[in-house]
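Chain by chain, the residues:
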Amino acid sequence: MSATLTKTARPAGGETAALETAVGEVTSAEKPATAALASVTGAVADAAKGAAFRAGSWLWKATGILAFLALWEFGPLYLAAPSTRVFLPPLHEVLLAWGKLFEAGSIQGHLAASLSRSVAGFGIAVVAGVSLGLLIAWYGRLNSVLNPLLELFRNTAALALLPVFTLLLGIGEESKVTIVAYAAFFPVLLNTIAGVKTVDPLLVRAAKSLGLNSFRLFQKVILPSAVPTIFTGIRMAGTASILVLIAAEMVGAKAGLGYLIVNAQSSFLIPDMYAGILTVSLLGLGVNFLLVALERHFSRWRTAVGA
Amino acid sequence: MTAKISLRNVSKQFTVRPGKKSGGTATTLTAIDSLNLDVRDGEFLTLVGPSGSGKTTLLDLLAGLSTPTSGEVLVDGQPVTGPGKDRAVVFQQYALFPWRTASANVSIGLEGKGPDGRKLSRRERAAKASEYLKLVGLACFEDRFPHELSGGMKQRVAIARSLAYEPDVLLMDEPFAALDAQTREQLQEELLRIWRATGKTIVFITHGINEAVYLGQRVAVLSARPGRLKAIVEVEIPDRDGAEDIRSTPAFVEQRHKVWTLLHDEVRLAQDAGHRKILPDGSAPDEPATHQTPERSAA
Ligand SMILES: Nc1ncnc2c1ncn2[C@@H]1O[C@H](COP(=O)(O)OP(=O)(O)OP(=O)(O)O)[C@@H](O)[C@H]1O
Ligand SMILES: [Mg+2]
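Residues numbered from 1 in each chain as written. Chains lettered and ligands numbered in written order. Predicted model: local features only at pLDDT ≥ 70, side-chain atom pairs only at ≥ 80, totals over all residues. Heavy atoms only, no water.

Enquirer: Kindly report on the packing of aromatic side chains, identifying the contributing residues and their values.
Expert: Under the defined criterion, the tally for this structure stands at 13 aromatic pairs over all chains. Ring geometry for B:Phe44 versus B:Trp195: centroids 5.4 Å apart, planes at 80 degrees, classification edge-to-face. Taken together, the residues span a long stretch of sequence, with B:Phe44 in strand β3 (residues 44–48) and B:Trp195 in helix α5 (residues 181–198) at a distance of 151 residues. Per residue, the accessibility class of B:Phe44 equals that of B:Trp195, and both read buried. Here the aromatic residues A:Phe165, A:Tyr182, A:Phe185 and A:Phe186 are joined through ring pairs into a cluster of three or more. Over the ring of A:Trp58 we find A:Lys61; its NZ or CZ atom is 5.6 Å from the centre of that ring. Above the plane of the ring of B:Tyr165 lies B:Lys85, whose end atom (NZ or CZ) is 5.2 Å from the centre. (Phe/Tyr/Trp six-rings, centres within 6.5 Å; stacked < 30°, edge-to-face > 60°. Helix = DSSP H or I, 4+ residues; strand = E, 2+ residues; numbered from the N terminus. Buried < 20%, exposed > 50% of the residue type's maximum accessible area, 1.4 Å probe, protein only. Lys NZ or Arg CZ within 6 Å of the ring centre and 35° of its normal.)

In structure tokens form, the structure reads like this:
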């Protein structure tokens with residue numbers, strides 16, 4: 001506690017001293033007052049500079065996006081040939097189409113359909129992946145039996161199995177949830193196994209010497225040390241689940257963002273199609289943001305070194 | 001004078017994985033060979049030996065983290081069957097749990113049922129953790145994570161953790177080796193203070209002769225591999241608790257020289273086998289050089 005205080009206090013003190021020496025050359029009688037004033041103005045200037053810097057860095061980061069949006073808006077009007085312009089509507093048309101879809105409630109409907117499928121599949125994958133991963137990592141024998149099989153499945157692209165799931169489960173919700181679960185399962189599983197496997201053996205020795213039995217050892221040492229790696233897997237699974245879901249919805253569905261996109265395309269409602277694509281990328285961004293925040297929260301003790 | 005710990009004819013062998021050189025046959029390596037040693041109740045025993053002489057192996061046996069190939073390890077007359085709450089280990093590499101705060105690290109050993117079959121509440125555990133953090137000079141650091149602590153502070157937390165569940169025996173494996181000279185001296189003082197205050201039995205491994213003589217009531221010297229007990233030196237330094245720097249008293253220098261002479265041949269043997277942790281002049285590269293001059297002139 002006290003050390004934190006001194007740490008934050010130090011730069012401020014140093015700054016005052018530096019200012020003092022700079023001002024001190026003028027008159028020694030005025031020194032205290034001037035120094036105090038100088039440090040206040042210095043602090044204000046610093047705060048302003050900080051805010052400006054932050055705004056600047058935001059602006060800097062946004063340049064790429066802004067340039068892209070500008071290109072999207074003006075490119076079709078001035079750069080594209082009239083024949084391709086039909087397929088590349090400018091940004092404002094897309095936004096207008098999005099607004100209309102939103103008013104009609106269809107964006108929400110499709111989003112809800114996609115979300116419920118991906119959440120269901122993703123949830124199943126996380127639960128199954130973490131628990132099976134813990135089991136496999138804990139029982140080494142199981143690992144050697146299952147590992148070749150897992151490698152085989154993992155390297156089979158999930159979408160390649162979509163026809164199989166469709167044949168077995170129909171084109172309804174089950175096949176989509178299943179393929180999402182399948183795609184999201186492997187990142188979770190493999191990262192869980194890796195997380196448990198890479199626990200520091202010294203910590204295991206320490207825990208044993210502290211008299212922890214194997215259950216407690218697992219609960220108090222192995223699991224916590226694996227959590228950051230598990231969350232990396234969960235984040236990867238989140239990305240994978242959206243990717244696969246959209247593709248699956250494009251192939252055969254009655255609702256969902258993937259369906260919205262292909263349906264708009266085949267009905268020649270090109271701005272609607274882009275509105276769907278925009279929604280997909282925003283959804284992906286949102287999910288990733290959420291999962292990254294979660295991952296960071298659970299690996300605070302690990303990432304804090306680099307922060 | 002009862003024996004707290006006794007090692008009876010203890011040997012430990014490892015099966016070494018077949019290397020390419022040995023033509024693919026597994027060989028056995030004798031790390032400790034028929035070792036006999038008694039540690040008295042409340043004694044501070046230091047253990048020195050060349051690198052690879054089986055010190056860590058011996059400590060693992062005492063801690064119950066491994067079992068002897070032959071012979072018996074007795075604590076309080078009972079054979080050791082596994083780790084127990086009567087013994088605590090302090091490792092060289094701190095081995096703190098990085099996701100736990102200092103306080104939670106210290107109290108981890110208290111989370112199960114105590115010897116009286118009662119579970120401590122969270123509040124009681126935190127209070128006990130603060131008490132022991134204070135004992136090692138880390139009051140107010142309860143909520144820090146290990147990565148926010150210096151090496152010396154981490155080792156203090158590790159010591160507090162091993163003291164917190166009140167073991168009779170403290171097993172320490174080169175606990176101060178990774179620290180700078182000042183911190184090490186400070187922690188040595190503190191360890192002696194804690195030992196005097198609590199009366200625990202301490203087995204302390206080190207590769208520093210100064211440290212061994214300074215801390216130990218007796219210094220056990222192991223021979224180069226396979227580890228055997230080469231000798232036990234009773235450290236007799238009059239006026240140990242006196243205010244003056246005992247490291248420069250003639251008695252200390254004499255005892256130190258005795259241990260050094262015992263180690264000398266063993267170190268040369270070990271060095272021939274490729275270990276270089278202790279130099280032939282008896283100095284360890286990461287030990288302060290100030291106290292070594294007398295021996296160098298004697299050698
Ligand atoms: N698990 C193991 N498997 C095989 N050999 C081992 C194992 N543990 C230790 N040894 C061997 O036993 C010998 C003694 O090792 P140990 O770690 O006890 O030495 P030490 O005295 O602690 O050395 P140092 O001072 O370098 O820490 C070494 O030759 C080492 O290679
Ligand atoms: Mg060792």
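Enquirer: Account for unusual backbone geometry, naming residues and giving values.
Expert: Residue and element names in this part refer to chain B. Positive phi outside glycine occurs at Ser34, with the angle close to 25 degrees. Along the chain, Ser34 turns up in strand β2 (residues 27–40). Classification of Ser34 by relative accessible area gives partly exposed; the value is 35%. Positive phi is not limited to glycine here, since Asp76 has a value of about 55 degrees. Within the secondary structure layout, Asp76 lies in the loop between β4 (70–75) and β5 (78–79). For Asp76, a relative accessible area of 43% puts it in the partly exposed group.

Enquirer: Break down the site of ligand 1 for me, citing the residues and quoting the values.
Expert: Residues and elements named next belong to chain B. Inspection of the region around ligand 1 gives 14 residues, with Ser51, Gly52, Lys55, Thr56 and Thr57 positioned closest. One of the backbone N or O atoms of Gly52 is found 2.9 Å from an oxygen atom in ligand 1. Side-chain polar atom of Thr57 to an oxygen atom of ligand 1: 2.5 Å apart, as the coordinates give it. When ligand 1 is considered free in solution it has 630 Å² of accessible area, and contact with the protein chains removes 66% of it. Secondary-structure elements contributing two or more residues to the shell around ligand 1 are β2 and α1 (55–63). Here the shell around ligand 1 gets 3 residues from one element, more than from any other, and that element is α1. Its residues assigned to classes, the shell around ligand 1 comprises 4 nonpolar, 6 polar and 4 charged. (Near = heavy atom within 4 Å. Polar contact = N/O pair within 3.5 Å; in protein donor to acceptor, adjacent residues only side chain to side chain. Areas by Shrake-Rupley, 256 points an atom, 1.4 Å probe, with all protein chains shown as cover. Nonpolar A, V, L, I, M, F, W, Y, C, P; charged D, E, K, R; others polar.)

Enquirer: Can you tell me about the interface of chain A and chain B, naming the residues and giving the values?
Expert: Counting residues at the interface gives 21 residues for chain A and 25 residues for chain B. Taken together, both faces of the contact between chain A and chain B bury some 2,000 Å²; the carbon and sulfur share is 69%. The interface formed by chain A and chain B holds 2 salt bridges in total. In this structure, B:Glu111 and A:Lys220 form a salt bridge, with 2.7 Å as the shortest nitrogen-oxygen distance. One can count 3 residue pairs in polar contact (both at pLDDT 80 or more) joining chain A with chain B. With 7 residues, the top contributor of residues to the side of chain A that touches chain B is helix α9 (residues 201–209) of chain A. (Contact = heavy atoms within 4.5 Å. Buried area = accessible area lost by both parts, 1.4 Å probe. Salt bridge = Lys/Arg side-chain N within 4 Å of Asp/Glu carboxyl O.)

Enquirer: Lay out the environment of B:Asp180 with the relevant residues and their values.
Expert: Summarising the element assignment, B:Asp180 is placed in the loop between β7 (169–173) and α5. Spatially, the C-alpha atoms of B:Asp180 and B:Trp260 are 22 Å apart, while their sequence positions differ by 80 residues.

Enquirer: Requested: an account of α9(A), with residues and values cited.
Expert: Buried residues of α9(A): A:Leu203, A:Val204, A:Ala206, A:Ala207 and A:Ser209, and no others. In this fold, the buried residues of α9(A) make contact with α10 (214–251) of chain A together with β6 (87–90) and α4 (151–164) of chain B. Two or three places before A:Leu202, at the opening of α9(A), A:Asp200 has a side-chain oxygen 3.0 Å from that residue's backbone nitrogen. Phi turns positive one or two residues past the end of α9(A), at A:Gly211, with a value near 85 degrees.

Enquirer: I'd love a proper account of the sheet that holds β4(B), names of residues and values included.
Expert: All names here are of chain B. Spatially, 4 strands are ordered β2-β1-β4-β5 in an open sheet, and the strand pairing comes out antiparallel. Edge strands, defined here as strands with exactly one partner in the open sheet, are β2 and β5. As judged from the 2 bridges shared by β4 and β5, these two strands associate in the antiparallel manner. The residue of β5 that forms the bridge with Val75 is Gln78. (Pairing = 2+ DSSP bridges.)

Enquirer: Could you give an account of the nonpolar core, naming the residues involved and the relevant values?
Expert: A:Val221 and B:Val219 are the most contacted members of the largest nonpolar core, which totals 122 residues. No other element matches the 12 residues that α10(A) contributes to this core. Look past the residues within four positions of B:Val219 in its chain and what remains in contact with it is B:Thr46, B:Val48, B:Ala212, B:Val213, B:Ala231, B:Ile232, B:Val233, B:Val235 and B:Val259. Core analysis: the second largest hydrophobic core is formed by 17 residues, A:Trp72, A:Leu91, A:Val94 and A:Ala275 among them. (Core = buried A, V, L, I, M, F, W, Y, C linked by side-chain atoms within 4.5 Å.)

Enquirer: Describe the pattern of salt bridges, listing the residues and the values that go with them.
Expert: Under the definition given, this model contains 15 salt bridges over all chains. Between A:Arg205 and B:Asp60 there is a salt bridge, with the nearest N and O atoms lying 2.8 Å from each other. You can see A:Arg205 sitting in helix α9 and its partner B:Asp60 sitting in helix α1, one on each of two chains. Looking at A:Arg205, the relative accessible area reads 25%, which means it is partly exposed. Classification of B:Asp60 by relative accessible area gives buried; the value is 15%. We note a salt bridge from B:Asp168 to B:Lys4, for which the minimum N-O separation is 3.2 Å. Taken together, the residues B:Asp168 in the loop between α4 and β7 and B:Lys4 in strand β1 (residues 3–16) connect sequence positions 164 residues apart. On the basis of relative accessibility, which here comes to 36%, the residue B:Asp168 falls in the partly exposed class. Members of the salt-bridge network, linked through shared partners, are A:Arg117, A:Glu173 and A:Glu249.

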